Amino acid sequence: MAETVTTPTHPVTPSTILAAELSELVELVDAVPVLDSAIKERLRRTRDLARGLDPYLEQCSTPESPALAALAARTRAEQWTDRSLVSGSGPLEQEMLSGHVEGQTLKFLVHMTRARRVLDIGMFTGYSALAMAEALPDDGEVVACEVDPYVADVARQCFSESPAGARIRVEVGPALTTVLRLEGPFDLVFIDADKTGYLDYFHYLIGSGLLAQHGVIAVDNTLLQGEPYTDHGARSTNGQAIADFNRAVANDSRVEQVLLPLRDGVTLIRRKGSD
Ligand SMILES: C[S@@+](CC[C@H](N)C(=O)[O-])C[C@H]1O[C@@H](n2cnc3c(N)ncnc32)[C@H](O)[C@@H]1O
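Just so it is clear, the model here is predicted, and its values are computed rather than measured.

1. Regarding helix H4 (residues 100–113)
Spanning 14 residues, H4 covers 20 Å between terminal C-alpha atoms, matching the ideal 20 Å at 1.5 Å per step. All of the buried residues in H4 are His100, Val101, Glu102, Gly103, Gln104, Leu106, Lys107, Leu109 and Val110. Positive backbone phi, at 50°, marks Arg114, one or two positions downstream of H4.

2. Quick word on the nonpolar core
Val142, Phe159 and Ile168 are the most contacted members of the largest nonpolar core, which totals 38 residues. Secondary-structure elements contributing two or more residues to this core are helix H3 (66–77), H4, helix H5 (127–135), strand S2 (141–146), helix H6 (149–160), strand S3 (168–172), strand S4 (186–191) and strand S5 (211–220). By residue number, the principal contributor to this core is H5, which donates 7 residues. Non-local contacts of Phe159, meaning those with residues more than four positions away in its chain, are made with Leu71, Met123, Gly126, Ala129, Leu130, Gly165, Ile168 and Val170. Counting 26 residues, the second largest nonpolar core, distinct from the first, contains Ile121, Cys145, Ala193 and Ile217.

3. With respect to the domain arrangement of the chain
How big an interface is tends to be reported as the loss of accessible area on association of its parts. Assigned domains of the chain: these are domain 1 (14–60) and domain 2 (66–271). Here the C-alpha centre of domain 2 lies 32 Å away from the C-alpha centre of domain 1. Taken together, the 4 residues of domain 1 in the interface contact 8 residues of domain 2. The largest per-residue losses of area from domain 1 upon contact with domain 2 belong to Pro14, Ile17 and Glu58, which jointly make up 82% of the total buried on that side. The tally of links between domain 1 and domain 2 comes to 0 salt bridges. Elements supplying a minimum of two residues to the side of domain 1 that touches domain 2: helix H1 (14–30) and helix H2 (37–60).

4. Observations regarding the environment of Val179
Relative to the helices and strands, Val179 resides in helix H7 (residues 175–180). Under the relative-accessibility criterion, Val179 is labelled buried at 2%. Separated by 161 residues in the primary sequence, Val179 and Leu18 place their C-alpha atoms 37 Å from one another.

How each quantity is defined
Residues numbered from 1 in each chain as written. Predicted model: local features only at pLDDT ≥ 70, side-chain atom pairs only at ≥ 80, totals over all residues. Heavy atoms only, no water. Helix = DSSP H or I, 4+ residues; strand = E, 2+ residues; numbered from the N terminus. Expected span 1.5 Å × (residues − 1). Buried < 20%, exposed > 50% of the residue type's maximum accessible area, 1.4 Å probe, protein only. Core = buried A, V, L, I, M, F, W, Y, C linked by side-chain atoms within 4.5 Å. Contact = heavy atoms within 4.5 Å. Domains from an automatic or database assignment. Buried area = accessible area lost by both parts, 1.4 Å probe. Salt bridge = Lys/Arg side-chain N within 4 Å of Asp/Glu carboxyl O.

Quick look at the structure:
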């Protein structure tokens, strides 16, 4: 089993938010002397179930390559608070990085779909792009779209230190503009950029020749920290965008899909009858 575990600085997925909430509850309840010890013990077991999940997934998954580990370390070392998104859609933070288990899942998708051409929409420092590039054959290609020139430069530096990095072509600019001038087909597309743009990316990919007939789309953050399925006050703009996206995909008769509770949610989409 792998020994290294990636610890986010703050919880950004339903399971890590749940674990953090339960950890706080355990502390609160432990401070109440009159409370039944059996109740305290049950709460501790519940916390451990939530808190142990992500580290265990990491331990049981094939370790990331040295190049991916270096890219993740480089991303953690950056002072993201000093920068804000050129697109104005929000601050950059190290938690944007998809990371070990999701990267390993993307590698599996490349292998399983026998992909040769991959489109990465929302590259950040390049973790997903490099993970998928590592799984491609030598003549395969990842086209990676990123709006922020600074993070694109960080990604390029990381790619230059890995043989698989030579398979990645970086396109800087708003992804919706970039995809309009790209030539298809792509066998696999990973959508992980501005959440309010997800429906546009999806409609363009399905409606155009950009996605291969047998192609698969993987979409990140479709659980958006639980916002689409919880009702605790007003949703954020991104939470509403993801709720709308999930409903639109579920109602679209052209496709079939599954939402996997991996990290912040990953939805896999394919055209119906495209065997
Ligand atoms: C969640 S991060 C991507 C994480 C990345 N896939 C990974 O594996 O580490 C989202 C990225 O999308 C970029 N982005 C936001 N809006 C965009 C747009 N309209 N076009 C292209 N990139 C965009 C952001 O600058 C950010 O770097």
